[in-house]
Amino acid sequence: MVGNTVGLIALALGWRRSIWTWPAQFLSGVILVGAYASAHLSGGVGKQLLVIGVALWGWRLWTNGKQQAQDGSIAVRFATWKERGMLLGGTALGTLAVGALFSAVPDLSWNPWPDAYIFVGTLAAMVAQARGLVEFWFAWLLVDVVGVPLAFSSGLAFSGLVYVIYLALVLWGMRDWWLRSRTASSGSSQASQPVMEGAPA
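Residues numbered from 1 in each chain as written. Predicted model: local features only at pLDDT ≥ 70, side-chain atom pairs only at ≥ 80, totals over all residues. Heavy atoms only, no water.

A.B. asks: Would you mind showing me how to read unusual backbone geometry here?
C.D. replies: For residues that are not glycine, phi is negative in most cases, and the peptide bond is trans in most cases. Unusually for a residue other than glycine, R17 sits at a positive phi of about 60 degrees. Along the chain, R17 turns up in the loop between α1 (2-15) and α2 (21-38). (Helix = DSSP H or I, 4+ residues; strand = E, 2+ residues; numbered from the N terminus.)

A.B. asks: Help me out: how do you make sense of the packing of α1 against α2 in this one?
C.D. replies: The angle between the axes and the distance between the axes are what describe a pair of packed helices. For the pair α1 and α2, interaxial distance at closest approach is 8 Å and the crossing angle is 165 degrees. The angle between the axes of α1 and α2 places the two elements in the roughly antiparallel class. The chirality of how α1 crosses α2 is left-handed. Where α1 abuts α2, its residues V2, G3, N4, V6, G7, A10, L13 and G14 lie against T21, A24, Q25, L27, S28, I31 and L32. (Axes fitted to C-alpha atoms, helices over the stretch in contact; angles between N-to-C directions. Parallel < 35°, antiparallel > 145°, perpendicular 65-115°, else oblique. Left-handed = near helix turned anticlockwise from the far one by under 90°. Contact = heavy atoms within 4.5 Å.)

A.B. asks: Hey, could you run me through helix α6 (residues 135-153) in this one?
C.D. replies: Every α-helical turn comprises 3.6 residues, leaving residues that sit three or four positions apart pointing alike. Compared with the 27 Å implied by 1.5 Å per residue over 19 residues, the 28 Å span of α6 between its first and last C-alpha is a close match. The sharpest bend along α6 comes to roughly 30 degrees, located at D144. Along α6, the residues classified as buried are E135, F136, W137, A139, W140, V143, D144, G147, V148, L150 and A151. With its phi angle positive at about 80 degrees, G155 sits one or two positions after the end of α6. (Expected span 1.5 Å × (residues − 1). Bend = angle between axes of the 7 residues up to and from the residue. Buried < 20%, exposed > 50% of the residue type's maximum accessible area, 1.4 Å probe, protein only.)

A.B. asks: Mind showing me how you'd approach the nonpolar core here?
C.D. replies: Considering soluble globular proteins, one finds that nonpolar side chains tend to be buried as a cluster. Counting 24 residues, the largest nonpolar core has L11, F136, W137, W140, Y163 and Y166 as the members making the most contacts within it. Elements with a minimum of two residues in this core: α1, α5 (112-130), α6 and α7 (157-198). Among the elements that take part in this core, α6 stands out by supplying eight residues, more than any other. Residue contacts for Y166: discarding those within four places in its chain leaves N4, G7, L8, L11, W140 and D144. Formed by 15 residues, the second largest nonpolar core is a distinct cluster that contains V54, A55, F102 and A116. (Core = buried A, V, L, I, M, F, W, Y, C linked by side-chain atoms within 4.5 Å.)

A.B. asks: Please explain a nonpolar patch on the surface as it appears in this structure.
C.D. replies: Together, F152, L161, V164 and I165 give the surface a local cluster of nonpolar side chains, amounting to about 330 Å² of exposed area. Top element by residues in the nonpolar patch is α7. It accounts for three residues. Position of V164 relative to the elements: it lies in helix α7. Taking the relative accessible area as the measure of exposure, V164 reaches 38% and is therefore partly exposed. (Patch = residues over 30% accessible without salt bridge, like charges linked within 9 Å, V, L, I, M, F, W, Y side chains within 5 Å. Areas by Shrake-Rupley, 256 points an atom, 1.4 Å probe, with all protein chains shown as cover. Salt bridge = Lys/Arg side-chain N within 4 Å of Asp/Glu carboxyl O.)

A.B. asks: Would you mind showing me how to read the environment of S18 here?
C.D. replies: Along the polypeptide, S18 turns up in the loop between α1 and α2. Judged by its relative accessible area of 18%, S18 falls in the buried class. As for S18 and I74, which are separated by 56 residues in sequence, their C-alpha atoms are 7.9 Å apart. Apart from the residues lying within four places of it in its own chain, the contact partners of S18 are L13 and W62.

A.B. asks: Which parts of the structure should I look at to understand the pattern of salt bridges?
C.D. replies: Pairs may arise between side chains of opposite charge once their charged atoms sit close together. A full pass over the atoms with the stated rule returns four salt bridges. Here R17 and D176 are joined by a salt bridge, their closest N and O atoms 2.6 Å apart. Residue R17 is located in the loop between α1 and α2, and its partner D176 is located in helix α7; the two are separated by 159 residues in the primary sequence. The class for D176 is partly exposed, based on a relative accessible area of 23%. Linking E135 and R84 is a salt bridge whose minimum nitrogen-to-oxygen distance equals 2.9 Å. With E135 in helix α6 and R84 in helix α4 (residues 81-104), this residue pair connects regions lying 51 residues apart in the sequence. Look at R84 and you get partly exposed, because its relative accessible area is 23%. Residues joined in a network through salt bridges with shared partners are R77, E83 and R131.

Structure representation (structure tokens):
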């Protein structure tokens with residue numbers, strides 16, 4: 001419960017483009033590692049260790065200012081078609097690989113393919129978030145579509161409720177990042193306009 005709640009806070013901080021989203025995701029992962037370890041669920045431990053690794057990578061990117069806009073905030077944009085292809089391809093291949101692993105080793109997961117989809121989709125969303133891509137929210141939306149019914153059908157009511165709240169935050173966050181990306185594009189166009197007008201004929 002604590003781990004999922006901290007994860008929810010991390011998503012809200014991501015919506016606000018706060019760098020504290022990464023420490024929160026890191027903390028959520030650490031708590032969930034402890035929870036899974038105490039329940040002897042080695043698959044869950046392994047998944048959360050990967051989440052922790054991606055959280056540290058995203059934290060490093062945002063801390064070093066590689067995703068900053070000119071006003072000092074986190075720059076957000078839509079992915080290029082190449083980036084989208086890499087995200088979709090990586091997610092598809094990752095889901096196939098992880099799903100096959102979970103199926104081959106039943107102790108790693110109770111629901112191999114949906115679990116693999118959610119796990120790899122979460123990693124893809126975190127990678128997109130680290131790069132400041134609006135598609136980060138679309139990835140989370142696709143994770144929620146499977147995560148909500150799976151949690152409730154598995155008897156994990158609290159996790160299902162968390163996913164429902166995730167969904168609301170995803171929709172709000174998607175709108176905010178979408179509008180911000182359009183504002184940034186308009187600002188860039190306006191900034192370049194005087195140079196165009198002053199250029200020699």
